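Now for the letters of each chain:
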Amino acid sequence: MNASTKIGIGTPLSRVDGVDKVTGAAPYAAEYNVANLLYGVTVSSRIAKGKITAIDEAAARAVPGVVDILSHANRPKQAWLDRSWKDELSIPGEPFKAFHDAQILFAGQPIAVVVAETFEAARFAASLLEVTYEGEAHNINFEASLAEKFLPKPGSRRNNYHPPKSRGDAQAAFNEAAVSHEATYHLAPEHHNPMEMHATTVEWHGDGKVTVYDKNQGSQGVQAYLASAFGLGKKNVRVVNAYVGGGFGSGLRPQWQVQVATMAAIQIERSVRVVMTRSQMFTHGYRPECTYTVKLGAEHTGKLTSIMGDATTSTSRFENNMEDIVTWGMMNYASPNIQGEYAIAPRDTYTSADMRAPGAATGLTLFEIAIDEMAYKAKVDPLEFRLINYSEVDGMNETPFTSKALREAYKEGAERFGWDQRNPEPRSMKEGRELIGWGMATGMWDAQFSKTAASAKLSANGHLEVACATSDIGTGTYTVMVQVAADTLGIAPEQITAKLGDSDLPTAPVEGGSWGAASTGAAVQLACETIAKKLFKAAGKMDSKPLGDAKFEDVEFVEGTIRRKDAGGQPLALTEVMRASEFTVIEAEETASPGIGGMISMAQKSRNTHSAIFCEVRVDEELNQVRVTRIVNAVAAGRIINPKTARSQILGGVTMGIGMALHEETFADARLGRWMNHSFAEYHIPAQADIHDIEVIFVDEPDAEVTPLGVKGLGEIGIVGTAAAVANAIYHATGTRVRSLPITIDKLMG
Ligand code: MOS
């Protein structure tokens, strides 16, 4: 097979949607031109808990251009039972229903929407709405909420989480250990803030049908949700999310703006747009705050004998959001004795939510700081310590991995970084007034696969269209679809169009968990293979017998042709086959499911990505200002479809990890029951000047078992462990161990 002429899997193709995005031709949810559009501005609750006793609308309604004001008092009918409000990623509890009743569950809760002919009129009128409340005692302080922590009963309606297993006697092994470490680590709450704010444009067609342009990570999930919650019927609701300006998990579940916009459209029987303000982006899900006590025991050599973890994360009072915090360390390292505890603590906020690598980004990151501390106690180099405790199998479940090239990642990352030049002594490296520190950490995430369908349509002129209802939240899904199709059918990428982000397209799950490329890619490949077989069959019917007696296995699809692999005979153009067969189009739709292509089940083997992160920081000795000057992230993630977009995913993940280490933190005002810093002026994320050298390495990791294409996914692994590498480098630079992220200047001043 002449692979060199193929543009497909493994090619660093630039994003096929890139030009449309940077020229503004790609429409986002709030940008669709819809005739006769109304603008809704949502009013947020000023109190954290209690109820609305009165809404005086007089002044607001008097504003010219105002069409209607909706609240719990006059909203249209909506489903009463919680089960009608279930979404694709529902978590146990009572899902939030905007304007359902007078109850206030959290500060910033949407309580009314002012709808007007112009955005300006709606915004001004919204400011005139007089709402009277009856407040109740509330708590949004995490420390205080720990008094109420609990673990919902396994198997109950309020639990979808299985606490970690225990093995051996971890407490006894810890007590007897030659070297031991116990400390409590903390992660501040973080709010997802993608560039595009949550927005919905509901197009009211007047015939009982609506088209909902919505920012989300799964159009079909939102379609089913709206159909059920508002009794619309699925066939009457089409949801489009063709372009999504980032998600990080905030669009996994339908957000309240889609409820509000849909409700207003139903009530007024017109098209309505609702966009969250940046401040309102702090009134829904967030990465849960976490406290995590780690206990480690080891022999003199540094070999671990006991791993214990006890974590609590925050949730709301109406839903039980749970994360897998403590199992990651136990999966990654070998220890005969393990024991884990977990609980959730409710407070009066919106429910916490999945945010890029939920669970692992918190749990493994904090654990990797503990591992660094343990390595120092055992007087073993941090990289050597990890190799001593390297687990060939999933240490939690005692199952083999489909592949684990973490050893290679450690090696290649360390070489590129120059780790062997490191003086282990803290505060031993200095340049001018800057202390220099080198630290490292391990990352790990799931390599999942989710049932996905795709269609392919080849036209007589040689143009191919592939389609799937999946989303591209900025991860490169459009490009991956084009590449897999190009690879399978040997058609040039310029001749291929990918369609996604529309509930009318073949069934796909929400885009999350890093399963998008593996799952959508497999579905596109299957559909294109069916097209290939149909083309081959049509070629066989041609009078000239251009492929002779070749069987399907004997031919390949290259450069827009079918040709014999043995190079006997001329290449046969696909367009020629189409002409000869008098087909105007050839179409196929296929579904990729776990279990196809000889894939083994989850129970038999563990599927994970791994990474090794090496970090250099420079800390101003007088000001305690930290700069992350260099990061090398070596990633083992199976087969890489596109080295360019793959690298971008890791750059983004690492940048977010630097934010977790140094910047991101939402502060709770316990008195008002509000998040205080609900703006980009005060909620800090890394900006250009904070990001220096980031080098990404993909280590070779062939894996025929993990997914049909051997792809493991890259959306999330880049963030996992990165903040630990930064924290460990800061310790090496300064000798100050900070166990609470983010590491801000005040904490370093100690
Ligand atoms: Mo991700 S938190 O599964 O969008």
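Small disclaimer: the values here were computed from a predicted structure and weren't measured.

## So, the sheet that holds strand E18 (residues 434-446)
Item 1. Taken together, the five strands give an open sheet; going across it, the order is E17-E18-E26-E27-E30, and neighbouring strands pair in mixed fashion. The outermost strands of the open sheet, each flanked by one partner alone, are strand E17 (429-431) and strand E30 (693-698). If you compare each strand with its neighbour and ignore which way they point, the axes differ by 25° on average.
Item 2. In this structure, strand E27 (residues 626-636) lies alongside E30, joined through six bridges in parallel fashion. Bridge pairing in E30 places Ala634 opposite Ile697.
Item 3. In the packing of helix H15 (residues 643-662) onto the sheet, the strands contacted are E27 and E30, and the crossing angle to E30 comes to about 130°.

## Some details on the pairing of strand E26 (residues 608-620)
Item 1. Along E26, 13 of the 13 residues are buried, which leaves the element largely enclosed by surrounding structure.
Item 2. In E26, alternate side chains face the same way, and those of Asn608, His610, Ala612, Phe614, Glu616, Arg618 and Asp620 on one face and Thr609, Ser611, Ile613, Cys615, Val617 and Val619 on the other are all buried.
Item 3. Judged from the 13 bridges that link them, E18 and E26 form a sheet pairing that is antiparallel. Within E26, the residue paired with Gly443 across the bridge is Ser611.
Item 4. Hairpin remark: E26 followed by E27, antiparallel, with five residues in the connecting loop; positive phi at Asn624, about 60°.

## Some words on the pattern of salt bridges
Item 1. The full count for this structure, using the stated rule, is 39 salt bridges.
Item 2. Between Glu148 and Arg317 there is a salt bridge whose closest N-O contact spans 3.0 Å. Linking Glu148 in the loop between helix H4 (142-145) and helix H5 (170-176) with Arg317 in the loop between strand E13 (304-315) and helix H8 (327-332), this pair joins segments that are 169 residues apart in sequence.
Item 3. For Arg317, a relative accessible area of 34% corresponds to the partly exposed category.
Item 4. One salt bridge connects Glu289 with Arg347, and the closest N-O pair in it is separated by 3.0 Å. Of this pair, Glu289 sits in the loop between strand E11 (272-275) and strand E12 (290-298) while Arg347 sits in the loop between strand E14 (337-346) and helix H9 (360-377); the two residues are 58 residues apart in sequence, bridging distant segments of the chain.
Item 5. Of the residues examined, Glu289 reaches a relative accessible area of 10% and is grouped as buried.
Item 6. Judged by relative accessible area, Arg347 falls into the buried class, the value being 0%.
Item 7. Shared partners join several salt bridges into a network, and the residues in it are Glu431, Glu434, Glu616, Arg618, Arg627 and Arg630.

## Describing the packing of aromatic side chains
Item 1. Per the counting criterion, the structure on display carries 23 aromatic pairs.
Item 2. Aromatic side chains Phe282 and Tyr683 sit 5.4 Å apart centroid to centroid with 65° between the ring planes, which places their arrangement in the edge-to-face category. With Phe282 in the loop between E11 and E12 and Tyr683 in the loop between strand E29 (674-675) and E30, this pair connects stretches of sequence that are 401 residues apart. For the residue pair Phe282 and Tyr683, the accessibility class agrees, reading buried in each case.

## Some thoughts on the nonpolar core
Item 1. Counting 99 residues, the largest nonpolar core has Tyr292, Leu296, Phe367, Val617, Ile631, Val726 and Leu741 as its most contacted members.
Item 2. Element by element, the count of residues in this core is highest for H9, at 10 residues.
Item 3. When residues no more than four places from it in sequence are discounted, the contact partners of Val726 are Cys615, Val617, Val628, Ile631, Ala661 and Leu662.
Item 4. Listed in part, the 62 residues of the second largest apolar core include Leu489, Ile496, Ile562 and Leu709.

## A word on helix H16 (residues 722-734)
Item 1. With 13 residues, H16 ought to run about 18 Å at 1.5 Å a step, and its terminal C-alpha atoms sit 19 Å apart, in line with that.
Item 2. Looking one or two residues past H16, Gly735 carries a phi angle of roughly 80°, positive in sign.

## Notes on the packing of helix H12 (residues 477-489) against helix H13 (residues 516-540)
Item 1. At a minimum axis distance of 9 Å, the contact between H12 and H13 shows a crossing angle of 30°. Comparing their axes, H13 and H12 come out roughly parallel. Like other packed secondary-structure pairs, H12 and H13 cross with a definite hand, here right-handed. Touching Thr477, Val480, Met481, Val484, Ala485, Thr488 and Leu489 of H12 are Ala517, Thr520, Gly521, Val524, Gln525, Cys528, Glu529, Ile531, Ala532 and Leu535, all from H13.
Item 2. When grouped by side-chain class, the residues that make up the contact of H12 with H13 number 11 nonpolar, five polar and one charged.

## Structural notes on the packing of H13 against helix H14 (residues 574-581)
Item 1. In the contact formed by H13 and H14, the axes pass within 9 Å of each other and the chain directions differ by 60°. Classified by the angle their axes make, H13 and H14 are oblique. For the crossing formed where H13 meets H14, the hand is left-handed. Between H13, through Leu535, Ala538 and Ala539, and H14, the contact on the second element is made entirely by Leu574, Val577, Met578 and Ser581.
Item 2. Of the residues belonging to the contact of H13 with H14, the class tally is six nonpolar, one polar and no charged.

## What to know about helix H7 (residues 256-268)
Item 1. In this model H7 runs 18 Å from its N-terminal to its C-terminal C-alpha over 13 residues, within 8% of the 18 Å that 1.5 Å per residue would give.
Item 2. Counted residue by residue, H7 has 11 buried out of 13 residues, so it is predominantly covered.
Item 3. Trp256, Gln257, Val258, Gln259, Val260, Ala261, Thr262, Met263, Ala264, Ala265 and Ile268 are the residues of H7 that are buried.
Item 4. Just beyond H7, the residue with positive phi is Glu269, at close to 60°.

## So, the sheet that holds strand E2 (residues 50-56)
Item 1. Here we have three strands laid out as an open sheet, ordered E4-E2-E6, and antiparallel in their pairing. Each having just a single partner strand, strand E4 (103-104) and strand E6 (130-135) make up the two edges of the open sheet.
Item 2. Pairing of E2 with E6 involves six bridges; the strand directions are antiparallel. If you follow Gly50 over to E6, its bridge partner there is Gly135.

## Notes on the side chain of Arg607
Item 1. Positionally, Arg607 belongs in the loop between strand E25 (585-592) and E26.
Item 2. Although Arg607 is buried, it forms no salt bridge, and the closest oppositely charged side chain is Asp703 at an N-O distance of 6.9 Å.
Item 3. Side-chain polar atoms of Arg607 contact the backbone oxygen of Val706, separated by 2.5 Å.

## So, the pairing of E11
As a general feature of sheets, a regular strand has side chains that alternate between the two faces.
Item 1. Taken together, the three bridges between strand E1 (residues 38-44) and E11 define a ladder with parallel strand orientation. Directly across from Gly40, in E11, lies its bridge partner Val274.
Item 2. With four bridges connecting them, strand E8 (residues 199-204) and E11 associate as antiparallel partners. In the sheet register, Thr200 faces E11, and the bridge partner there is Val274.

The rules we used
- Sequence positions are assigned chain by chain, starting from 1 and proceeding in written order.
- The predicted origin of the model limits local features to residues at a pLDDT of at least 70 and limits the giving and counting of side-chain atom pairs to 80 or more, whereas totals for whole chains, interfaces and linings rest on all residues.
- To get the side-chain values, take all heavy atoms of the structure and skip hydrogens and water.
- Here a strand pair is declared whenever DSSP counts at least two bridges between the two strands.
- Note on conventions: DSSP H or I runs of at least 4 residues are helices, E runs of at least 2 residues are strands, and numbering of each starts at the N terminus.
- In this analysis, axes come from line fits to C-alpha atoms, helices being fitted only over the stretch in contact, and the angle between any two N-to-C directions falls in the range 0 to 180 degrees.
- Residues count as neighbours in contact if any of their non-hydrogen atoms are within 4.5 Å of one another.
- Using a 1.4 Å probe on the protein chains alone, a residue whose accessible area is under 20% of its type maximum counts as buried, one over 50% counts as exposed, and one in between counts as partly exposed.
- Salt bridges are defined by distance alone: a side-chain nitrogen of Lys or Arg within 4 Å of a carboxyl oxygen of Asp or Glu.
- Here a Phe, Tyr or Trp ring, Trp counted by its six-membered ring, pairs with any other such ring whose centre lies within 6.5 Å, and the pair is stacked when the planes are under 30 degrees apart, edge-to-face when over 60, and tilted otherwise.
- Nonpolar cores are built from buried Ala, Val, Leu, Ile, Met, Phe, Trp, Tyr and Cys residues. Side-chain atoms within 4.5 Å join them into one set.
- Working rule for helices: expected span equals 1.5 Å times residues minus one.
- Should an angle fall under 35 degrees it is called roughly parallel, over 145 degrees roughly antiparallel, and 65 to 115 degrees roughly perpendicular, with every other angle called oblique.
- Handedness of a crossing is defined here by the sense of rotation of the near helix relative to the far one, left-handed for an anticlockwise turn of less than a right angle and right-handed for a clockwise turn.
- Just so you know the grouping, Ala, Val, Leu, Ile, Met, Phe, Trp, Tyr, Cys and Pro go in nonpolar, Asp, Glu, Lys and Arg go in charged, and all remaining residues, Gly too, go in polar.
- Neither His nor the chain termini are counted; the positive set is Lys and Arg, and the negative set is Asp and Glu.
- Counting of polar contacts relies on pairs of N or O atoms within 3.5 Å, with two restrictions inside protein: one atom must be capable of donating a hydrogen and the other of accepting it, and residues adjacent in sequence are counted only when both atoms are side-chain atoms.

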